[in-house]
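Reading the structure
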Amino acid sequence: LPAAGPGREARCGASSAMSLREPGPGGAAEAGEDAAAALAEPDDPQRCLSLLPWDRFSAWLHCVCVVGFDLELGQAVEVIYPPHSKLTDKEKTNICYLSFPDSNSGCLGDTQFCFRFRRSPGRKVSLCCFLDQLDRELPIYLKKDPAYYYGYVYFRQVRDTSLKRGYFQKSLVLISKLPYVHLFRTVLKQIAPEYFEKSEAFLEAVCSDVDRWPPPLPGKILHLPIMGVIMKLRIPTYRDKPGTMPMVPNTHQADAQISMALPTVHEVDLFRCFCPVFFHIQMLWELVLLGEPLVVMAPSPSESSETVLALVSCISPLKYCSDFRPYFTIHDSEFKEYTTRTQAPPSVILGVTNPFFAKTLQHWPHIIRIGDIKLPGEVPKQVKVKKLKNLKTLDSKPGVYTSYKPYLNKDEEIVKQLQKGVQQKRPTEAQSVILRRYFLELTESFIIPLERYVASLMPLQKCISPWKSPPQLRQFSQDDFMKTLEKAGPQLTSGLKGDWIGLYRHFLKSPNFDGWFRSRQKEMTQKLEALHLEALCNENLVFWSQKHTEVETVDLVLKLKNKLLQADREHLPVKTDTLKKLQTHINDIILALPDDLQDILLKTGT
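Residues numbered from 1 in each chain as written. Predicted model: local features only at pLDDT ≥ 70, side-chain atom pairs only at ≥ 80, totals over all residues. Heavy atoms only, no water.

Describing the overall build of the chain
The helix and strand inventory of the chain stands at 20 helices and 13 strands. Looking at the chain as a whole, 52% of its 606 residues are labelled buried. As displayed, the chain offers around 28900 Å² of accessible surface, 54% of which is attributable to carbon and sulfur atoms. (Helix = DSSP H or I, 4+ residues; strand = E, 2+ residues; numbered from the N terminus. Buried < 20%, exposed > 50% of the residue type's maximum accessible area, 1.4 Å probe, protein only. Areas by Shrake-Rupley, 256 points an atom, 1.4 Å probe, with all protein chains shown as cover.)

In structure tokens, the structure reads:
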């Protein structure tokens, strides 16, 4: 903790709420690390005694599905691997319909895309739940959402006169809780073409390879073998500076295996996705930030899913807290919920390809129409925002259809910079880096004043007493926050003019603010609990117990035991030494009590 300067009090935490993200080892954390270490060393039999077959596989994937087309049944799940993987009927139905492009998409050849769907409630957590420990090391926008699965699809449609339908149509689908779009897209590129030639035995070999992968440890260079190729990658951690990406070295393999270094596990080609609408990127950033209902209408699932994922990522490092569906169909189990006209459209981003949606979603306030995504050979022409009434069908011209008036003035510089890149034939990867940095700086300029204000809600360090409950955070006051903007607002880091106050007022009512603030609140409350534990450890508790009655001493012991359990259960950011010290205090107090009480308290867990 920073020392209190002249005329200043030391606040619990540091000058920014960001500083509250200290990882807490704690008891459960160490257990998780041991389990992860067991996963990491497949050849050490002693380490693996507690692991069942497929535990490594489950750390990355839930299952692999093959979806085919049956003339009588329509789309059907033909194979689920490993065979013991559990999917409810509703989940299977969603996977079936989401794994095939709509018939109007006309996707001949091979197509890759992804979708996201709700998990059925009431499912038991797998044995790999200890991997949730690893989840705490991730940046917030990469944390798993336990309510959803991702489906990563490789769809093949080719002419085959030997089949009644005249076409071979099949999808290989990876189902995972992890949002690692680029990684699983790369895996499918490696395995799907060969799978369509070799079938089931090949799939079994692929899954065996995945079951030898180390756990998805953030911050480590991981080597993942897949059918003779070694993929090298690094999963980001919350400690990484936003916007930076440590290089993954592509060293030569001694055993002559081919290796490939993945520059990212989760990012999409931002410039390619925003190219059709890049005159409106700043307005789209505002719409995503505010959690406004958005529909992306595209000619194929590959364009719809990439554009939705690009939109969700444009407010990083903020987490997009509403629902988003990279590919959504009329058969989706949430179709009625999301298209009803009896209430306002929900805060959700949908990617659709079926022309039926042009009619069904006419009442939605913001619609992005994407044509075939092609990188421009020449500078795109300025495109005006179109009125919603002009959107009649999916054949309407590409563009943004909305009556939304942005709060901030348009940043002409970024548009000029990207246009210049097109003229100079700058590689799309470089254009994406420029665009990603622009979004990052915009988001950080917006969020820093909120971080600064929320850090000030922390009680002062002197308010923490070992003999009282930890103090509460002060309430968030919209008026107090708005007053701070005059001197410490976004103008300190951004040259953009406009109605920043109006943007903040709107944001404070959005699901993204609610999710962000809950996360900060939890971190700060845990920090207070951790500081309270440290304060208790620094007291002479045995001396205190000698001056109090047996009843009061027993009460103290039970409270201290509960504190230890809480630290373990909630993974409080407490040093392991602090927990050991507290356990020693508890043992010393118990040993100073009469024998009968000692027996009871040593057996009592809580």
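There's plenty left to go through after this.
A short note on the sheet that holds strand 11 (residues 348–352)
The sheet built from five strands is open, its strands ordered 10-11-9-12-13 with mixed pairing. Sheet topology places strand 10 (323–325) and strand 13 (399–402) at the edges, where each strand pairs with a single neighbour. Strand-to-strand twist in this sheet, taken as the mean axis angle between neighbours without regard to direction, amounts to 15°. By the bridge criterion, three bridges tie strand 9 (residues 294–297) to strand 12 (residues 366–369) in an arrangement that is parallel. Bridging from a neighbouring strand, valine 295 pairs with isoleucine 367 of strand 12. Of the strands in this sheet, strand 9, strand 11, strand 12 and strand 13 are in contact with helix 8 (residues 281–289), which crosses strand 13 at around 50°. Here helix 9 (residues 301–313) sits on the sheet in contact with strand 9, strand 10, strand 11 and strand 12, set at roughly 160° to strand 11. (Pairing = 2+ DSSP bridges. Axes fitted to C-alpha atoms, helices over the stretch in contact; angles between N-to-C directions. Contact = heavy atoms within 4.5 Å.)

Focus on the pattern of salt bridges
Considering all chains together, one arrives at 23 salt bridges under this definition. The residue glutamate 78 makes a salt bridge to lysine 170 at a minimum N-O spacing of 2.9 Å. Of this pair, glutamate 78 sits in strand 2 (residues 74–81) while lysine 170 sits in strand 5 (residues 167–176); the two residues are 92 residues apart in sequence, bridging distant segments of the chain. Here arginine 518 ties to aspartate 514 by a salt bridge, and the two come within 3.0 Å at their closest N and O atoms. With arginine 518 and aspartate 514 both in helix 16 (residues 511–537), this residue pair falls four residues apart, about one helical turn. One continuous salt-bridge network, built from bridges that share partners, spans Arg116, Arg118, Asp145, Asp323, Arg325, Asp332, Glu334 and Glu337. (Salt bridge = Lys/Arg side-chain N within 4 Å of Asp/Glu carboxyl O.)

Regarding the packing of aromatic side chains
The geometry of an aromatic ring pair is captured by the separation of the ring centres together with the interplanar angle, meaning the angle of the planes. Per the counting criterion, the structure on display carries 36 aromatic pairs. Aromatic pair phenylalanine 507 and phenylalanine 513: ring centres 5.9 Å apart, planes at 75°, arrangement edge-to-face. Ring centres of phenylalanine 513 and phenylalanine 517 lie 5.7 Å apart, and the angle between their planes is 10°; on these two criteria the pair is classed as stacked. Taken as a pair, phenylalanine 513 and phenylalanine 517 lie in helix 16 at a separation of four residues, close to a single helical turn. (Phe/Tyr/Trp six-rings, centres within 6.5 Å; stacked < 30°, edge-to-face > 60°.)

Some words on the packing of helix 13 (residues 428–455) against helix 14 (residues 478–488)
Direction vectors running N to C along helix 13 and helix 14 enclose 120°, while the axes themselves pass 10 Å from each other. Compared by their axis directions, helix 13 and helix 14 come out oblique. The element helix 13 and its partner helix 14 pack so that their crossing is right-handed. For the pair formed by helix 13 and helix 14, the contact residues are Pro449, Leu450, Arg452 and Tyr453 on the first element and Asp480, Phe481, Thr484, Leu485 and Ala488 on the second. Per-class residue counts for the contact of helix 13 with helix 14 are six nonpolar, one polar and two charged. (Parallel < 35°, antiparallel > 145°, perpendicular 65-115°, else oblique. Left-handed = near helix turned anticlockwise from the far one by under 90°. Nonpolar A, V, L, I, M, F, W, Y, C, P; charged D, E, K, R; others polar.)

Quick notes on the nonpolar core
Trp60, Leu183, Phe274 and Leu450 are the most contacted members of the largest nonpolar core, which has 113 residues in total. No other element matches helix 13, which puts ten residues into this core. Once residues within four sequence positions are removed from consideration, phenylalanine 274 is found in contact with Ile281, Leu284, Ala310, Leu311, Cys314, Leu435 and Phe439. Within the second largest apolar cluster, 23 residues are counted, among which are Leu533, Val542, Leu564 and Val574. (Core = buried A, V, L, I, M, F, W, Y, C linked by side-chain atoms within 4.5 Å.)

Focus: the pairing of strand 6 (residues 221–226)
Of the two faces of strand 6, only one is covered, namely that formed by Leu222, Leu224 and Ile226; the face formed by Ile221, His223 and Pro225 stays uncovered. In the sheet, strand 6 pairs with strand 7 (residues 229–234) via six bridges, with the strands oriented antiparallel. Considered in strand 7, the bridge of isoleucine 226 is made with valine 229. The hairpin turn running from strand 6 into strand 7, its antiparallel successor, is two residues long, and methionine 227 in that turn takes a positive phi close to 50°.

Remarks on a negative patch on the surface
Among the surface-exposed residues, Glu550, Asp595, Asp596 and Asp599 lie close enough to one another that they form a single negatively charged patch. The biggest single contributor to the negative patch is helix 20 (residues 595–603), with three residues. As for its placement among the helices and strands, aspartate 595 is situated in helix 20. (Patch = residues over 30% accessible without salt bridge, like charges linked within 9 Å, V, L, I, M, F, W, Y side chains within 5 Å. Lys, Arg positive; Asp, Glu negative; His and termini not counted. Charge placed at Lys NZ, Arg CZ, Asp CG, Glu CD.)

Digging into unusual backbone geometry
Residues tyrosine 81 and proline 82 are joined by a peptide bond in cis, for which omega reads -5°. Within the secondary structure, proline 82 sits in the loop between strand 2 and helix 3 (89–98). Looking along the chain, the bond that leaves serine 316 and enters proline 317 is cis, with omega of 10°. When you line up the elements, proline 317 lands in the loop between helix 9 and strand 10. Despite not being glycine, lysine 425 has its phi angle at roughly 55°, a positive value. Using a relative accessible area of 64% as the deciding quantity, one classes lysine 425 as exposed.

Focus on the sheet that holds strand 3 (residues 109–118)
Adjacent strands of a sheet form backbone hydrogen bonds with each other and so pair up, either parallel or antiparallel. With respect to topology, five strands assemble into an open sheet ordered 2-1-5-4-3, the strand pairing being antiparallel. Each edge of the sheet is formed by a strand with only one pairing partner; in this case those strands are strand 2 and strand 3. Looking at each pair of strands side by side, their axes are set apart by 25° on average, direction ignored. Sheet strands touched by helix 3: strand 1 (63–70), strand 2, strand 3, strand 4 (148–159) and strand 5. Its angle to strand 3, the strand with the most contacts, is close to 150°.

Quick word on helix 3
For helix 3, every residue scored as buried is listed here: Glu91, Asn94, Ile95, Cys96 and Leu98. Residues of helix 3 that are buried make contact with strand 1, strand 2, strand 3, strand 4 and strand 5.

Things to note about the packing of helix 16 against helix 19 (residues 576–591)
Contact geometry for helix 16 and helix 19: axes closest at 9 Å, N-to-C directions at 45°. Judged by the angle between their axes, helix 16 and helix 19 are oblique. Pair helix 16 / helix 19 crosses with left-handed handedness. Touching Leu533, Glu534, Leu536 and Cys537 of helix 16 are Thr578, Leu579, Lys581, Leu582 and His585, all from helix 19.

Here we look at helix 18 (residues 550–569)
Its 20 residues give helix 18 an end-to-end C-alpha distance of 28 Å, which sits within 8% of 28 Å, the value for a rise of 1.5 Å per residue. Looking at helix 18, one finds that the buried residues are Thr553, Val554, Leu556, Val557, Leu560, Lys561, Lys563, Leu564, Gln566 and Ala567. As for helix 18, its buried residues are in contact with helix 16, helix 17 (541–546), helix 19 and helix 20. Taken from the residues just after helix 18, histidine 571 is the one with a positive phi, measuring 50°. (Expected span 1.5 Å × (residues − 1).)

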